[in-house]
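# Working through the structure, step by step
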Amino acid sequence: MHLAGNRLELSKRLSTALLSDALDALGYEKQVLAPGIRPLDDATVMLGYARTGLYRQVFQRPTSGNPYEMEMRLVDDLKPGEVLVLACPGLGRLAPWGELLTTAAIGRGAVGCLTDGMVRDVRQVRTLGFPVFHGGIGPLDVQGRGEVAEMDVAVECAGVRITPGDIIFGDVDGVIVVPAAIAEKAIAGVLKKSEKETDARKELLQGASLKDVYERYKVL
């Protein structure tokens, strides 16, 4: 599915709740990330293609070389419309995301960052207005604690498998992963249900009963 050109319009019409219902209807019932993944700013909406990085734990600071080498390679290679997904399994309080990475991602045209790790430099990142969905807030740098071991591979982030190119959508209700193979069907289902909800909303405001409205539109 191509988001270019209609990404902003879609981001206004989509929601995690509607996408979750659409994916349920298609038999994909485990696409919502764990509820501990939260937006850095509740007003944030994130929509883009997954670009993945997988962290592994390390136990000492390097004595030579660049400890951020693959992390930098991944960020420098971001394309417009991509959401950087940083999976940090078992790395606890490590913070792979902060102000300078945010600035670099904006410069590359990326549209968000999703991580089950921590985020730091919170005031600065919020000022930049870049969508970040995270597993917590903390100051611990990755150096000597973790490093990107692989990029552009399938990962598991907060309980959901994410493959490069999947659609990532996040809002104040959470984050959902739409597999690329069914993205067209899922988003079509969302738009159809959204229209029904608009009609149902009008009738409910006019005093119609929930039961009657549900019978007509089959939405709730």
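What comes next is a walk through the structure.

### A few points about the overall build of the protein chain
Looking only at helices and strands, the protein chain features seven helices and ten strands. Taken over the C-alpha atoms alone, the protein chain extends approximately 70 × 35 × 30 Å along its principal axes. Scored against the burial criterion, the 220 residues of the protein chain give a buried share of 47%. Put simply, of all contacts in the protein chain between residues at least 6 apart along the chain, 74% involve residues at least 24 apart. Of note, the protein chain has its 26 positive side-chain charges centred 1 Å away from the centre of its 29 negative side-chain charges.

### Structural notes on the pairing of strand E4 (residues 112–115)
In E4, alternate side chains face the same way, and those of Gly112 and Leu114 on one face and Cys113 and Thr115 on the other are all buried. Sheet topology places strand E3 (residues 82–87) next to E4; four bridges connect them, and they run parallel. If you follow Val83 over to E4, its bridge partner there is Gly112. As for the winding sense of the linkage, the β-α-β connection from E3 through helix H4 (residues 99–108) to E4 is right-handed. Strand direction decides the pairing type here: E4 and strand E5 (residues 132–134), joined by two bridges, are parallel.

### Here we look at the nonpolar core
Counting 23 residues, the largest nonpolar core has Tyr55, Leu84, Leu86, Trp97, Phe130 and Val132 as its most contacted members. Where this core is concerned, the elements lending two or more residues are helix H3 (69–76), E3, H4, helix H5 (122–128) and strand E6 (146–151). Contacts of Leu86, omitting those with residues within four sequence positions, involve Gly53, Tyr55, Leu74, Pro96, Trp97, Cys113, Leu114, Thr115, Asp116 and Cys157.

### Describing empty space enclosed by the protein
Rolled over the atoms, a probe with the dimensions of a water molecule shows which regions are left empty. Tallied over the full model, the rule gives one cavity of 30 Å³ or more. There is about 30 Å³ of room inside the largest cavity. Along its surface, the largest cavity is lined by Tyr55, Glu71, Leu74, Val75, Leu84, Leu86, Pro96, Trp97, Leu101 and Val148. Where the lining of the largest cavity is concerned, the elements lending two or more residues are H3 and E3. Tallying contributions element by element places H3 first for the lining of the largest cavity, with three residues.

### Section: the layout of surface pockets
In this structure, the largest pocket occupies an estimated 330 Å³ of space. Contributing to the lining of the largest pocket are 17 residues, with Tyr68, Glu71, Leu100, Leu101 and Arg120 lying nearest its centre. Those elements that place two or more of their residues in the lining of the largest pocket are H3 and H4. Residues of the lining of the largest pocket, tallied by class, amount to ten nonpolar, one polar and six charged. Space inside the second largest pocket adds up to approximately 190 Å³. Along the wall of the second largest pocket there are 14 residues; nearest its centre are Ala22, Ala25, Gly189, Val190 and Lys193. When contributions to the lining of the second largest pocket are tallied by element, the ones reaching two or more residues are helix H2 (16–25) and helix H6 (183–205). Across the lining of the second largest pocket, the residue classes tally to seven nonpolar, one polar and six charged.

### Topic: a nonpolar patch on the surface
Residues Leu204, Leu210, Tyr214 and Leu220 make up a contiguous nonpolar surface patch of about 430 Å² in total accessible area. Here Leu204 is to be found in helix H6.

### Quick look at the packing of aromatic side chains
Taken as a whole, this structure holds one aromatic pair when the rule is applied. Ring centres of Trp97 and Phe130 lie 6.4 Å apart, and the angle between their planes is 20 degrees; on these two criteria the pair is classed as stacked. Remark: Phe130 occurs in the loop between H5 and E5 and Trp97 occurs in the loop between E3 and H4; sequence separation between them is 33 residues. Among the residues examined, Trp97 registers a relative accessible area of 1% and is labelled buried. A relative accessible area of 7% places Phe130 in the buried class.

### A look at the side chain of Asp141
Here Asp141 shows up in the loop between E5 and E6. At 2.6 Å, the side chain of Asp141 and the side chain of Tyr68 are in polar contact.

Rules of the game
Residues numbered from 1 in each chain as written. Predicted model: local features only at pLDDT ≥ 70, side-chain atom pairs only at ≥ 80, totals over all residues. Heavy atoms only, no water. Helix = DSSP H or I, 4+ residues; strand = E, 2+ residues; numbered from the N terminus. Buried < 20%, exposed > 50% of the residue type's maximum accessible area, 1.4 Å probe, protein only. Contact = heavy atoms within 4.5 Å. Lys, Arg positive; Asp, Glu negative; His and termini not counted. Charge placed at Lys NZ, Arg CZ, Asp CG, Glu CD. Pairing = 2+ DSSP bridges. Right-handed = clockwise from strand over helix to strand, strands pointing away. Core = buried A, V, L, I, M, F, W, Y, C linked by side-chain atoms within 4.5 Å. 1 Å grid on protein atoms, 1.4 Å probe; cavity = no way out; pocket = protein on both sides within 12 Å on 5 of 7 lines; lining within 4 Å. Points joined across faces, edges and corners; volume = space filled by probe spheres on them. Nonpolar A, V, L, I, M, F, W, Y, C, P; charged D, E, K, R; others polar. Patch = residues over 30% accessible without salt bridge, like charges linked within 9 Å, V, L, I, M, F, W, Y side chains within 5 Å. Areas by Shrake-Rupley, 256 points an atom, 1.4 Å probe, with all protein chains shown as cover. Salt bridge = Lys/Arg side-chain N within 4 Å of Asp/Glu carboxyl O. Phe/Tyr/Trp six-rings, centres within 6.5 Å; stacked < 30°, edge-to-face > 60°. Polar contact = N/O pair within 3.5 Å; in protein donor to acceptor, adjacent residues only side chain to side chain.

Any functional reading would require information beyond the geometric quantities listed.
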